[in-house]
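Here are the chains, one letter per residue:
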Amino acid sequence: MVRYKQDNASYEHSTAAISVSKPSGKLAYSSPDQVGFTTTTTPDPDDVGYCDSLGQKSKSREEGEFAWNKELQGLLLGSFFWGYLFLQIPGGVLSEKYGPRRVIFFTMLPVGLLGLVSPVSARVSPWLFLVIRILIGVGEGALYSATHALWGRWSPPSERSRLVGMSFSGGQFGNAMIFPIGGLLCSTLGWDSIFYIMGGFCTLWCFVFWFLVSDSPSLNRRISKLERGYIQYHVSYKDNRRKPAVPWRKILTCVPFWAILVAHTCGNYGLYMLLTQIPTYMKEVLKFDLKSNGAYSMLPYLFMWAFIALTSVVSDAVIARNILSRTATRKITSCTGLFLPAVCLVSISFLDCTQSMAAVALLCGTVGMSGVAFSGYMVNHGDIAPLFAGTMFGVTNVAATVPGIIAPYVVGAITPNKTREEWQVAFFIASGIYVFGGLFYLIFAKGTEEEWAKPESQDNSPGSRSMIEMGKGCDREKA
């Protein structure tokens with residue numbers, strides 16, 4: 001009697017047992033007195049069919065609610081960034097004029113509410129969902145430029161890398177957490193629970209932010225007079241000084257500004273490509289299931305969060321102790337955060353599902369090392385023009401958002417068959433963009449304040465001088 005079992009491709013005979021191991025197709029034979037005991041050979045890594053077979057099993061287990069093709073998926077993933085473009089520059093300008101607190105609250109509150117209605121819109125129509133995603137992007141578009149404006153009022157130059165870097169690292173920590181949490185929620189409560197829970201948290205956060213944050217030290221009653229005076233002495237922004245008009249011609253003809261813009265844009269291409277495509281890559285090439293996908297997808301962003309936090313502290317210490325100039329520090333961190341991810345991406349492109357752990361490690365290196373650049377070009381706006389940091393960040397982030405629109409669509413178009421070779425092309429393109437951005441920044445960047453950006457007069461009142469001397473005394477005591 002002969003039995004055939006489809007799942008493990010084993011063939012049984014009444015007098016002998018023969019098993020065929022996929023994908024190698026090699027036979028293992030057992031003698032008649034060993035009936036029922038079969039031997040399976042180790043999968044041959046060189047056999048492409050092995051990864052394909054894993055992909056077929058994964059596909060059969062993970063059919064989703066919506067039958068959207070890869071082109072539509074790429075369109076939906078990129079739609080957020082269409083809206084994200086709109087308020088980048090207005091968000092910075094409005095924050096500098098009316099205060100970042102109001103701008104952040106009134107743009108982020110709709111984001112939370114729209115997140116709550118996202119599942120309903122997706123079930124009605126993918127095009128309605130696309131509109132919702134665009135509107136969410138519009139709301140979030142003001143966040144980073146408003147945050148830069150906020151730190152322009154709060155961060156002394158000696159603490160700028162730390163404060164800006166640590167606050168921005170929270171976004172990467174959130175990226176890391178949503179992968180395992182999203183995977184768990186998706187597999188237990190359903191995919192729509194992700195939107196309900198995250199939308200609720202965003203709405204709650206807006207009200208907490210409104211009650212705890214102030215536009216400037218002079219408006220904050222939770223800090224001491226000593227700390228308030230110390231900060232106000234060191235920052236260019238003064239509450240009683242009329243805000244100068246934005247010098248657009250000076251900004252747009254400033255070569256160091258263009259160095260920031262190019263580096264920011266090139267760095268974001270790789271980051272946005274990975275942010276939107278890591279789960280897809282892990283499923284299509286590394287063949288992780290949904291739960292494993294979420295767990296492993298979080299690791300790169302945990303590394304990025306850690307690198308941002310560590311590098312921001314080290315950068316400030318290096319500058320404060322005169323080990324390196326601010327310009328040298330910005331160039332080293334920016335180039336590290338652009339060149340090393342390029343090397344990691346090229347290395348990843350040669351791996352397949354039989355080397356999945358190595359691929360995950362290199363993904364952690366790619367995304368993690370990108371975080372080093374947050375102490376470089378991401379805070380450089382405040383170095384060259386602190387009074388206009390929010391506006392300038394808005395301009396550079398407009399350019400840096402375009403890759404968020406392009407990258408998912410490019411990857412979707414390049415990988416229609418979901419093969420490793422197709423993904424290799426996508427990674428090569430991203431690596432080349434990383435390298436170009438690093439070289440441009442290395443040649444043209446600066447870390448000193450531009451003459452046109454300096455305030456007309458400094459606050460040298462006796463009270464302010466007294467505060468700064470007291471602040472220095474406190475610093476010596478802490479040391």
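Rules and cut-offs
Residues numbered from 1 in each chain as written. Predicted model: local features only at pLDDT ≥ 70, side-chain atom pairs only at ≥ 80, totals over all residues. Heavy atoms only, no water. UniProt positions renumbered as here; feature names shortened; annotations may be inferred. Disulfide = S-S within 2.5 Å. Buried < 20%, exposed > 50% of the residue type's maximum accessible area, 1.4 Å probe, protein only. Helix = DSSP H or I, 4+ residues; strand = E, 2+ residues; numbered from the N terminus. Contact = heavy atoms within 4.5 Å. Phe/Tyr/Trp six-rings, centres within 6.5 Å; stacked < 30°, edge-to-face > 60°. Lys NZ or Arg CZ within 6 Å of the ring centre and 35° of its normal. Core = buried A, V, L, I, M, F, W, Y, C linked by side-chain atoms within 4.5 Å. 1 Å grid on protein atoms, 1.4 Å probe; cavity = no way out; pocket = protein on both sides within 12 Å on 5 of 7 lines; lining within 4 Å. Points joined across faces, edges and corners; volume = space filled by probe spheres on them. Nonpolar A, V, L, I, M, F, W, Y, C, P; charged D, E, K, R; others polar. Expected span 1.5 Å × (residues − 1). Axes fitted to C-alpha atoms, helices over the stretch in contact; angles between N-to-C directions. Parallel < 35°, antiparallel > 145°, perpendicular 65-115°, else oblique. Left-handed = near helix turned anticlockwise from the far one by under 90°.

- An unreviewed UniProt entry lists the chain under the name Major facilitator superfamily (MFS) profile domain-containing protein, from Plakobranchus ocellatus.
- Listed in UniProt under the heading Subcellular location (unreviewed entry), the comment for the chain reads: "Membrane".

1. Some words on the state of the cysteines
- Under the definition given, this model contains 0 disulfides.
- Here Cys202 is not disulfide-linked; the sulfur of Cys206 is the nearest cysteine sulfur, at 4.6 Å.
- Since its relative accessible area comes to 16%, Cys202 is described here as buried.
- Note on Cys344: no disulfide assigned, nearest cysteine sulfur contributed by Cys364 at a separation of 9.8 Å.
- On the basis of relative accessible area, Cys344 is assigned to the buried category, the value being 14%.

2. Overview of the side chain of Glu422
- Considering the arrangement of structural elements, one finds Glu422 in helix α17 (residues 420–444).
- Judged by its relative accessible area of 14%, Glu422 falls in the buried class.
- In this structure Glu422 touches Ile414, Thr415, Pro416 and Asn417, once residues within four positions along its chain are discounted.

3. Some words on the packing of aromatic side chains
- Inspection of the entire model under this criterion finds 22 aromatic pairs.
- Measuring from ring centre to ring centre gives 5.5 Å for Phe105 and Phe207, while their planes differ by 75 degrees; the resulting arrangement is edge-to-face. Taken together, the residues span a long stretch of sequence, with Phe105 in helix α4 (residues 100–124) and Phe207 in helix α8 (residues 192–212) at a distance of 102 residues.
- Among the aromatic residues, those joined into a cluster by ring pairs are Trp68, Phe129, Trp191 and Phe195.
- The side chain of Arg101 reaches across the aromatic face of Trp210, ending 3.7 Å from its centre.

4. Topic: the nonpolar core
- Ranked by size, the top nonpolar core spans 64 residues in total, and within it Leu274 and Tyr281 carry the most contacts.
- Here this core gets 12 residues from one element, more than from any other, and that element is helix α11 (residues 255–284).
- Excluding residues that lie within four positions of it along the chain, Leu274 makes contacts with Tyr301, Leu345, Leu363, Thr366, Val367 and Phe427.
- The next biggest cluster of nonpolar side chains, apart from the first, holds 19 residues, and it includes Phe81, Leu109, Val111 and Cys202.

5. Here's the deal with empty space enclosed by the protein
- Going through the model one piece at a time under the given rule, you end up with 2 cavities of 30 Å³ or more.
- Roughly 60 Å³ of internal volume is contained in the second largest cavity.
- Contributing to the lining of the second largest cavity are His148, Trp151, Gly152, Ser155, Arg160, Val164, Val379, Gly382, Pro386 and Ala389.
- At the level of elements, α6 (143–154) and α7 (160–188) are the ones that each hand at least two residues to the lining of the second largest cavity.
- Among the elements that take part in the lining of the second largest cavity, α6 stands out by supplying 3 residues, more than any other.
- Split by residue class, the lining of the second largest cavity holds 5 nonpolar, 4 polar and 1 charged.

6. Some details on the environment of Leu77
- Note on placement: Leu77 falls in helix α2 (residues 70–84).
- Taking C-alpha positions, Leu77 is 8.8 Å from Leu130, a pair spaced 53 residues apart along the chain.
- Residues in contact with Leu77, not counting those within four places in the same chain, are Thr276, Gln277 and Pro408.

7. Quick word on α8
- In a regular helix each residue adds 1.5 Å, so 21 residues correspond to 30 Å; α8 covers 31 Å between its end C-alpha atoms and thus fits that length.
- Buried residues belonging to α8 abut α4 and α7.

8. Points about the packing of α2 against α11
- Two elements in contact, α2 and α11, have axes whose closest approach is 11 Å; the angle formed by their N-to-C orientations is 160 degrees. The orientation of α2 relative to α11 falls into the category roughly antiparallel. As α2 runs across α11, the sense of the crossing is right-handed. Contacts from Lys70, Leu77, Phe81 and Tyr84 of α2 reach α11 at Tyr272, Thr276, Gln277, Thr280 and Glu284.
- Along the lines of polarity and charge, the residues of the contact of α2 with α11 split into 4 nonpolar, 3 polar and 2 charged.

9. Section: the environment of Ala317
- With respect to the helices, strands and loops of the structure, Ala317 is situated in helix α12 (residues 290–320).
- Residue Ala317 is classed as partly exposed on the basis of its relative accessible area, which comes to 30%.
- Spatially, the C-alpha atom of Ala317 lies 9.6 Å from that of Ser161, the residues being 156 residues apart in sequence.

10. Description of unusual backbone geometry
- Phi is positive for Asn322, which is not a glycine, with a value near 60 degrees.
- Its place among the elements puts Asn322 in the loop between α12 and α13 (326–348).
- A relative accessible area of 67% places Asn322 in the exposed class.

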